[in-house]
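Residues per chain are reported as follows:
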Amino acid sequence: MSYEPEPSYPPASGSVRRGWEAVREALPLPGTVLAIDGPMILDWAALMSALPPGTLTIDMRTATVSWDQVRKRTASAERLAGDPDFATLAAGDLVDLIDELPPTPRDPDRLTVVYGPGAALTGHDQLWYADLPKRYAEHATADGAGRNIGQPSGEPGTMQRLFYIDWALLDRHRDAIAPGIGQWLDLQDPAEPRLLTGAGLRATLAWLSQSPLRTRPTFNTTSWGGHWGQEQLGMNPQARNTALGYELIAPESGILIGTRATGCVEIPFQLLVAAHPQAVLGPAVQRRFGSSFPIRFDYLDTYGGGSLSVHVHPRADTMWEVFGWSYPQHETYYVMVAAPGNIIHLGLREDADIPTFERQAHAAHDHGEPFDIGRFVQQHPAEPHQLFLVPAGTPHGSGQGNVVLEISATPYLYSLRFYDWLRRDADGHQRPVHVGHAFDNLDTSRTGGPLRDALIQKPRTVTTGAGWHEDLIGALPEMFFQVHRIELTAGATAHQDTTDRFHVLNVVAGQAVRVRTERDEHLLSYAETMVIPASAGPYTVTALGSQPARVVKAFVR
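Counting restarts for each chain, with residues numbered from 1 along the sequence as it is written. Where totals are concerned, whole chains, interfaces and linings use all residues; where local detail is concerned, this predicted model gives features only for residues with pLDDT of at least 70, and gives and counts side-chain atom pairs only at 80 or more. Just so you know, side-chain values use all the structure's heavy atoms and leave hydrogens and water out.

(A) Structural context of the sheet that holds strand β22 (residues 460-465). Strand order in the open sheet formed by six strands is β22-β23-β24-β31-β26-β29, and the pairing between neighbours is antiparallel. Only two strands of the sheet have a single partner each, and these edge strands are β22 and β29 (529-532). Taking each pair of neighbouring strands and ignoring which way they run, the sheet shows an average axis angle of 25 degrees. Pairing between two strands requires that DSSP report at least two bridges joining them. Secondary structure elements follow DSSP: runs of H or I of four or more residues count as helices, runs of E of two or more count as strands, with numbering from the N terminus. Bridge count for strand β26 (residues 503-509) against β29 is four bridges, and the pairing is antiparallel. Paired with H503 across the bridge in β29 is I532. Comment: axis = line fitted to C-alpha atoms, over the contacting stretch for helices; angle = value between 0 and 180 degrees taken between N-to-C directions.

(B) Structural detail: the pattern of salt bridges. The salt bridge criterion pairs a side-chain nitrogen of Lys or Arg with a carboxyl oxygen of Asp or Glu, the two atoms within 4 Å. This model, assessed by the stated rule, comprises 27 salt bridges. Between R296 and D298 there is a salt bridge, with its nearest N and O atoms 2.6 Å apart. The pair R296 / D298 is uniform in exposure class, with both members buried. Among the ionic pairs, R296 bridges to E406, the shortest N-O distance being 3.1 Å. Of this pair, R296 sits in strand β13 (residues 295-301) while E406 sits in strand β20 (residues 403-409), and the two are 110 residues apart along the sequence. Relative accessible area decides the class of each residue, using a 1.4 Å probe on protein chains only: under 20% of the type maximum gives buried, over 50% gives exposed, and in between gives partly exposed.

(C) Structural view of the pairing of β26. Among the seven residues in β26, seven count as buried, and that is most of the element. In the sheet, β26 pairs with strand β31 (residues 549-556) via five bridges, with the strands oriented antiparallel. Residue pairing in the sheet places L505 in a bridge with K553 of β31.

(D) Spatial organisation of the environment of D366. Inspection of the secondary structure puts D366 in helix α12 (residues 354-367). Under the relative-accessibility criterion, D366 is labelled partly exposed at 48%. Once the C-alpha coordinates of D366 and Q547 are considered, the two residues, 181 residues apart in sequence, prove to be 52 Å apart. At a separation of 2.9 Å, a polar atom in the side chain of D366 contacts the side chain of H365. Pairs of N or O atoms are called polar contacts if they sit within 3.5 Å, as long as, within protein, a hydrogen donor faces a hydrogen acceptor (for residues adjacent in sequence, only side-chain-to-side-chain pairs).

(E) Region of the structure containing α12. Helix span is expected to be 1.5 Å times the residue number reduced by one. In this model α12 runs 19 Å from its N-terminal to its C-terminal C-alpha over 14 residues, within 8% of the 20 Å that 1.5 Å per residue would give. By the convention used here, residues are in contact when the closest approach between their heavy atoms is within 4.5 Å. For α12, the elements touching its buried residues are β16 (343-348), β17 (377-381), β21 (416-419) and α13 (435-440). In the stretch just after α12, G368 is the one whose phi turns positive, near 70 degrees.

(F) Geometry of the environment of D351. Structurally, D351 can be placed in the loop between β16 and α12. Note on D351: relative accessible area 52%, which makes it exposed. Separated by 203 residues in sequence, D351 and A554 place their C-alpha atoms 34 Å apart. At 2.9 Å, the side chain of D351 and the side chain of R349 are in polar contact.

(G) The packing of aromatic side chains, seen in detail. For Phe, Tyr and Trp, where Trp contributes only its six-membered ring, two rings pair if their centres lie within 6.5 Å, and the inter-plane angle classes them as stacked under 30 degrees, edge-to-face over 60, or tilted in between. All told, the structure shown has 27 aromatic pairs when counted by the stated rule. On the basis of an interplanar angle of 85 degrees and a centroid distance of 5.0 Å, the ring pair of F289 and Y327 is categorised as edge-to-face. A residue pair is termed long-range when its members are at least 10 positions apart, and F289 in helix α10 (residues 283-289) and Y327 in the loop between α11 (316-323) and β15 (331-337) qualify at 38 residues. Just as F289 is buried, Y327 falls in that class too. Judged by centre distance (4.9 Å) and plane angle (75 degrees), the ring pair of F357 and F439 falls under edge-to-face. With F357 in helix α12 and F439 in helix α13, the pair connects residues that are 82 residues apart, well separated along the chain. Side by side, F357 and F439 carry an identical accessibility label, which is buried. Following the ring pairs from residue to residue traces out a cluster consisting of F357, F371, F376, F418, Y419, W421 and F439. Directly above the aromatic system of Y3 lies the positively charged group of R214, at a separation of 5.5 Å from the ring centroid. Above the face of the W207 ring, R519 is positioned so that its terminal group lies 3.4 Å from the ring centre. Lysine NZ or arginine CZ positioned within 6 Å of the ring centre and within 35 degrees of the ring normal marks a charge as sitting over the ring.

(H) Focus on unusual backbone geometry. Positive phi outside glycine occurs at N236, with the angle close to 45 degrees. If you trace the backbone, N236 turns up in the loop between α7 (228-233) and β10 (244-248). Residue N236 is classed as partly exposed on the basis of its relative accessible area, which comes to 29%. Unusually for a residue other than glycine, W421 sits at a positive phi of about 60 degrees.

(I) Representation of the nonpolar core within the structure. Throughout, nonpolar core names a set of buried Ala, Val, Leu, Ile, Met, Phe, Trp, Tyr and Cys residues whose side chains join them through atoms within 4.5 Å. Among the nonpolar cores identified, the biggest contains 119 residues, and F269 and F293 are the most heavily contacted of them. Among all residues touching F293, those that are not within four sequence positions of it are L248, A250, F269, Q270, V273, V280, L281, Y327, T410, F502, V504 and V531.

(J) Looking closely at the sheet that holds strand β1 (residues 8-9). The sheet built from three strands is open, its strands ordered β1-β11-β12 with mixed pairing. Strand pairing shows two members of the sheet lacking a second neighbour, β1 and β12 (263-268), which therefore form its edges. Where β1 and strand β11 (residues 254-259) come together, two bridges link them in parallel fashion. Across the sheet, the residue bridging to S8 is L256, located in β11.

(K) Molecular detail of the side chain of D186. Inspection of the secondary structure puts D186 in strand β7 (residues 183-186). Note that His is not counted, nor are the chain ends; the positive residues are Lys and Arg, and the negative ones are Asp and Glu. Buried within the structure, D186 lacks any salt-bridge partner; R194 is the closest side chain of opposite charge, at an N-O distance of 6.5 Å. There is a polar contact of 3.0 Å between the side chain of D186 and the backbone nitrogen of Q188. Among the polar contacts listed, one links the side chain of D186 to the backbone nitrogen of E266, at a separation of 2.8 Å. Contact partners of D186, with chain neighbours within four places excluded, come to D131, P193, R194, C264, V265 and E266.

Written out as structure tokens, the structure reads:
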């Protein structure tokens, strides 16, 4: 009952095949036009070199408009013009960057393959999708090896365009073409690719849309990161730290489909939501959020590390008008681990002098002058199992020595920093802060004693049963989701029901629980996160092992 870093699910139809021979066997006959779509990060040259000799290949990456036009057509809102870190989330579709599609000639004696982002837009007989999870693009771009959509070869891509432009366009395009995909090709292992038929993919997504599931967790390093993920969960033992633990972040998380014997393909979680939005989200949530899964769970690990920056997230109007998201980045901090004396920064002090705060924040950014953030932002004891509510516009940050489970709205790339302790990155450069954006979005009403009462709430019991009870531990009128906690004695079973709204669970104390629905069951161990699709309906949670268990549950109100 230990933390499982690679949860996987067998295909509902067919099986995962692996190896280049399997890829070549799946190729259509000569005289066929095959479109192989996929992201920019893929090693398209290596994929083309694995095709049979004589294959006619057409590179879609050359079909985009000029780089100057690409940038004009994806330009940010005026308030972000020239911003070095942020951009307005790209609207529209990938086809908006292509004025003329290349011809796809059909030769009866050989196979024609059109490949690259947007290949599905051309005339074709069969469609494949070749993929690498987004973490590969992030790492390659950080190392200077990634290119952005439409960017000339030889120029390094930027994380800014990757996060806010490329991913938005590529995700929208992939979700739109998914019903026509005939083969899904996973190229994480370039020596042994994995392949799943489109029929197998769609059957598995249909099954998972009604079943409890976990996504593949990913832990990343930062300059402030701690080591709890390494020491307690066994994640990334060779890394510098395990600062950010992505348990469930819909735009980046993946689902592993396959078995240990065959290997797995990794499918974007967002593809599941896009394919079955009502089954996963529930009808009312789908009407409100479309195909956007609106809640995320992730870890902030400062155990043995440093404090997070003190920052704020954009308020609702700015989030839409400037950054392009239709809902704001409300957050909560659930303290998993903390020692006496540890703190959480949250909300303004009642006596905070905002003009002085702003001057000192600018001086720190511009001239490297340290200041005492505690003069302006409240510091609260970081008590294990306390939930802190962080509505957009509220200054906050976790202190050193904590493990915080963020139970939050899905947007996750909009931390507007007031102060980052003059910290430097791995290259020795002072990490960027965003003083102007931060003060533009600061909610000055979140101050003093009333803030403590509103944002640090006491549990209120809402349901009880034999050996268990369920508490509401955090809710605010302006936040669209709320957080409950189920507490069970050893062996007790709590009865739950999605009532047509998805739930997200995490075991925050105890060894493990068993989640059982009418169609299947799933083990959930300490620190693991699980999605219960809305269509799952009634389910039970049973505490396993000799210890009591605590399970947090989040859902859209």
